[in-house]
Amino acid sequence: MGNGLIYTVPRFQRDYSWTSTEWDDLWQDIEGLFEESGEQEHYMGYLVLQSRDSKNFDVIDGQQRLTTLSILVLAVLGNLQNLIDNDIESDPNQRRLDQLRSAFIGYLDPVTLIPKSKLYLNRNNNNLYQRYLVALEPAPRRNLKATEHLMRKAYDWLYDQVRKRFASNQKGAELAQFIDSLSDKLFFTVITVNDELNAYKVFETLNARGVKLSSTDLLKNYLFSVVHSQGGDEHELREIEDQWERLVGVIGNESLPDFLRAYWNSKNRFVRHAELFKRVRERIAGKKAVFDLIRDVEQNAQVYAALPHAEDSLWNSEQAEYIKYLRMFNVRQLYPLLLAAHHKLQPGDFTGLLRACCIISFRYNVIGSLAANEQERVYNRVAVQLSSDEIRGLQQVLTALKPIYIADDKFRGDFTDKVMRTTQARNKRIIRYILFEIERHTSGSSYDFESDAYNIEHIMPESVQEAWDHIGDRDHEQFLYRLGNMTILNKSANREIGNKGFETKREAFAQSEFAITQRIANENDRWGPDRIIAHQKWLARQATAIWRIAQLST
């Protein structure tokens, strides 16, 4: 964007949709560029443009990355503005801000003297971008579209990352140098087309399966070339071919890149998909190393293939329960650790680790909804320590995992505020799991949380009728999907009370077989936001006792 061209996201193009996961991925990549042993450049992928003339281009693909990079520049400018506001080298920093703005964000038209932006977004994003972000004005927090909230949060998030990076060296020159260096280190493959038909042809080509060699194909070809170049005979080449085919048979082509990365991260310093081939090439340079690698990879494949499948014969009944929960939580960041642990720990300790990982994942991912990047790095670090015998046994592994174990107070607070929409099937399953676990903890009675004999009961119903006239629209929207507004009921009882008022529901709750549902009837003579909050606080206290690792909670 520092090239004098103007980019426009077409009016009806997809809205900005990146979240903290993508912001963090980008920021981690950028941080890596400035490490001593980091890459000199970072590839940002394809940028597909449709030309209007020699200076004006529509962004057909790549708008999420381009917009986020622009917001990053604005976040740096915001930090510069903060220095100016605090009278820190005001004049030089103002000149730096003006120069960076002119180079990357916009400029003053020399003919009309009207400010010109270098990036114009779509109909739902451009107003917030031009009016607030480009102007470095505080964006409103209310009455925004969801996509505008994401842009505002992107700016705040990146502003904080920049502030923390330069907290010990608050100099405008350093901020300016950061942007100047970054503009040289990031690069795209730019494809320019002249009309929409060609643009869609490019899309089809880029997205078509099998057009390019995958990273695993590159790896396979490299390993074969090493064996061949070092005098490997036909028998050896056939053997490595057979081993590779067996590997693909166990893992499957689609999952192979993820498996190879998980395997590598179970024994080596953290690597992203894009860096895996380079790291392997650096470490595996001889014929013996190739065969050792393939042999070890093949041994780990069976474990990896079983990790998403509780029914796999590799697991005993207790392990299968924990594997089922981890899949339900949709966490895969811990796979490198589980690969290392299955090899290094005794079966009883491995079962204990599975239980601990369920609790950590429940606190960190399910209830905390925290970004998984740092969590993934901790799992990698502990996996490497375990693989290299730096730590041994379950207790040392748990101690090493403490940085990602959410403390009781924070977990209790997160749970107290948790909202989970039952319109999503995965959420509905997790809510059932939560409520039945709390029931087991409270009454000592165990139930199959997946049985269709029971339903989730929304105490304040999803469809409000006359009996709920005291609940305003805003409170209904805000509290409907709070965990404190949900309990469990026999399906027939749930169907019978439907959307009736709390007095009627209370009578049914009092007759329920579930202790947590009876408690609602016993503790409440009415139902509204304050009672939902109070009930959810009680649920949070139970949850803190259930999903807890005593060793890490002290």
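Quick summary incoming for the structure in this document. (Residues numbered from 1 in each chain as written. Predicted model: local features only at pLDDT ≥ 70, side-chain atom pairs only at ≥ 80, totals over all residues. Heavy atoms only, no water.)

## A word on the side chain of R432
Definition in use: Strands are runs of DSSP state E lasting at least two residues, helices are runs of H or I lasting at least four, and both sets are numbered from the N terminus onward. The rule is simple: take the accessible area with a 1.4 Å probe, protein chains only, and divide by the maximum for that residue type; under 20% is buried, over 50% is exposed, in between is partly exposed. Charge convention: Lys and Arg are scored as positive, Asp and Glu as negative, and His as well as the terminal groups of each chain are ignored. By convention in these notes, a salt bridge is any Lys or Arg side-chain nitrogen within 4 Å of a carboxyl oxygen on Asp or Glu. Two N or O atoms count as a polar contact when they lie within 3.5 Å, although within protein this holds only if one can serve as hydrogen donor and the other as acceptor, and sequence-adjacent residues are included solely when both atoms are side-chain atoms. Should any heavy atoms of two residues lie within 4.5 Å, those residues are considered in contact.
With respect to the secondary-structure elements, R432 resides in helix α19 (residues 425–443). Buried charge without a salt bridge: R432, with D448 as the nearest opposite-charge side chain at an N-O distance of 7.0 Å. Within the local environment of R432, its side chain forms a polar contact with the backbone oxygen of F449, the two atoms lying 2.7 Å apart. Discounting chain neighbours no more than four positions away, the residues touching R432 are F449, E450, S451, D452, Y454, N455 and I456.

## Brief notes about the pairing of strand β2 (residues 42–51)
Looking along a regular strand, one sees side chains alternate from face to face of the sheet. Selection criterion: Two strands pair if DSSP finds at least two bridges between them.
For β2, the tally of buried residues reaches eight of 10 residues, placing the bulk of the element in the interior. Sheet analysis places β2 next to strand β7 (residues 186–193), joined by seven bridges and oriented parallel. Residue Q50 lies in a different strand from β7, and its bridge partner there is V193. Across four bridges, the pairing between β2 and strand β3 (residues 56–61) is antiparallel. Bridge assignment links S51 to a residue of β3, and that residue is F57.

## Some points on the packing of helix α9 (residues 234–251) against helix α10 (residues 256–265)
Packed helices, taken two at a time, are described by the angle their axes make and the gap between the axes. Under the convention used in this document: Here the axes come from fitting lines to C-alpha atoms, over the contacting stretch only for helices, and the angles between their N-to-C directions go from 0 to 180 degrees. Small angles under 35 degrees read as roughly parallel and large ones over 145 as roughly antiparallel, with 65 to 115 read as roughly perpendicular and the rest as oblique. All amino acids are sorted into three groups, where Ala, Val, Leu, Ile, Met, Phe, Trp, Tyr, Cys and Pro are nonpolar, Asp, Glu, Lys and Arg are charged, and the leftover types, Gly among them, are polar.
Where α9 contacts α10, the axes come no closer than 10 Å and their chain directions differ by 105°. Here α9 lies roughly perpendicular to α10, going by the angle between them. Packed against α9, whose contacting residues are W244, L247, V248 and I251, the element α10 presents L256, F259 and L260 at the interface. For the contact of α9 with α10, the class distribution of residues is seven nonpolar, no polar and no charged.

## Thoughts on the layout of surface pockets
For clarity, the cut-off: Buriedness for pockets is judged along seven lines, at least five of which must meet protein on both sides within 12 Å for an open set on the 1 Å grid over protein atoms alone, while cavities are sets there where a 1.4 Å probe fits but cannot get out, and lining residues have an atom within 4 Å of a point. Grid points are joined across faces, edges and corners, and a volume is the space filled by probe spheres set on the points.
There is about 1,500 Å³ of room inside the largest pocket. Looking at the largest pocket, it is lined by 42 residues, and the ones nearest its centre are D29, R272, H273, A274 and E275. Those elements that provide at least two residues to the lining of the largest pocket are α1 (20–33), β2, α10, α11 (273–283), α14 (335–344) and α16 (372–387). In terms of residue count, α11 provides more of the lining of the largest pocket than any other element does, seven residues in total. Class assignment of the residues belonging to the lining of the largest pocket gives a composition of 13 nonpolar, 10 polar and 19 charged. Space inside the second largest pocket adds up to approximately 850 Å³. Lining the second largest pocket are 27 residues; nearest its centre among them are S20, T21, N365, S369 and L370. Where the lining of the second largest pocket is concerned, the elements lending two or more residues are α1, α5 (146–165), α15 (347–367), α16 and α19.

## Here we look at the sheet that holds β3
On the basis of which strands lie adjacent, the open sheet formed by five strands has the order β6-β1-β3-β2-β7 and mixed pairing. Of all strands in the sheet, those bounded by a partner on one side alone are β6 (119–120) and β7. Contacting β2 and β7, helix α6 (residues 172–185) runs over the sheet at an angle of about 55° to β7.

## Describing α11
Residues spaced three or four apart along an α-helix point in a common direction, a consequence of the helix completing one turn every 3.6 residues. This is how the line gets drawn: Directions pointing from the helix axis toward each C-beta atom define the arc.
Looking only at α11, the buried set comprises L276, R279 and V280. With its buried residues spanning 100° around the axis, α11 presents them on a single face. Structural note: α11 exposes A274 and E282 on the side pointing more than 90 degrees away from its buried face.

## Notes on the environment of Q63
Relative to the helices and strands, Q63 resides in helix α2 (residues 63–85). Residues Q63 and R152, 89 residues apart in the sequence, show an inter-C-alpha distance of 16 Å.

## Quick look at unusual backbone geometry
In this structure, E89 takes a positive phi of about 45° despite not being glycine. Relative to the elements of secondary structure, E89 occurs in the loop between α2 and α3 (90–105). According to the relative accessible area criterion, E89 is partly exposed, its value standing at 46%. Even without being glycine, S369 reaches a positive phi, approximately 50°.

## Some points on the packing of aromatic side chains
For the record, the criterion: Classification of ring pairs rests on two measures: the distance between centres of Phe, Tyr or Trp rings, Trp counted by its six-membered ring, which must be within 6.5 Å, and the angle between planes, read as stacked under 30 degrees, edge-to-face over 60 and tilted in between. By definition, being over a ring means that NZ of Lys or CZ of Arg is both within 6 Å of the ring centre and within 35 degrees of the ring normal.
Summed over the entire model, instances satisfying the criterion amount to 27 aromatic pairs. For the ring pair W27 and F178, a centre distance of 6.1 Å and an interplane angle of 55° mean the geometry is tilted. Taken as a pair, W27 in helix α1 and F178 in helix α6 lie far apart in primary sequence, 151 residues in all. We classify F178 as buried; its relative accessible area is 2%. The structure contains a cluster of three or more aromatic residues connected by ring pairs, namely Y325, F329, F362, F411, F415, Y433, F449 and W547. We note K185 situated over the ring of F34; from NZ or CZ to the ring centre the distance is 5.6 Å. Above the plane of the ring of W538 lies R519, whose end atom (NZ or CZ) is 4.1 Å from the centre.

## Here's the deal with the packing of helix α13 (residues 317–329) against α19
Here α13 crosses α19 at 135°, and the two axes come no closer than 10 Å. The pairing of α13 with α19 is recorded here as oblique in orientation. Counting all contacts with α13, which are made through K324, Y325, M328 and F329, the residues of α19 involved are R426, R429, I430, Y433 and E437. Residues belonging to the contact of α13 with α19 are distributed by class as follows: five nonpolar, no polar and four charged.

## So, empty space enclosed by the protein
Applying the stated criterion across every chain, the model contains three cavities of 30 Å³ or more. By volume, the largest cavity is sized at about 80 Å³. L219, L223, W244, L247, L260, Y263, W264, L276, V280, L293, I294 and V297 together form the lining of the largest cavity. Put simply, the parts of the chain that give the lining of the largest cavity at least two residues each are α8 (215–229), α9, α10, α11 and α12 (287–306). For the lining of the largest cavity, a count of residues per class yields 12 nonpolar, no polar and no charged. Estimated volume of the second largest cavity: approximately 50 Å³. Residue lining of the second largest cavity: V9, R14, D15, Y16, Q63, Q64, T67, L121, N122 and N125, and that is the complete set.

## Notes on the state of the cysteines
Disulfide: a covalent bond connecting the sulfur atoms of a pair of cysteines. Let me state the cut-off plainly: Our working definition of a disulfide is a cysteine sulfur pair at a distance within 2.5 Å.
For the structure on display, the rule yields zero disulfides. For the unlinked cysteine C357, the closest cysteine sulfur is that of C358, found at 7.3 Å. A residue is classified by how much of its surface remains accessible, and C357, at 0% relative accessible area, is buried.

Functional significance is not addressed by these values, which are geometric in nature.
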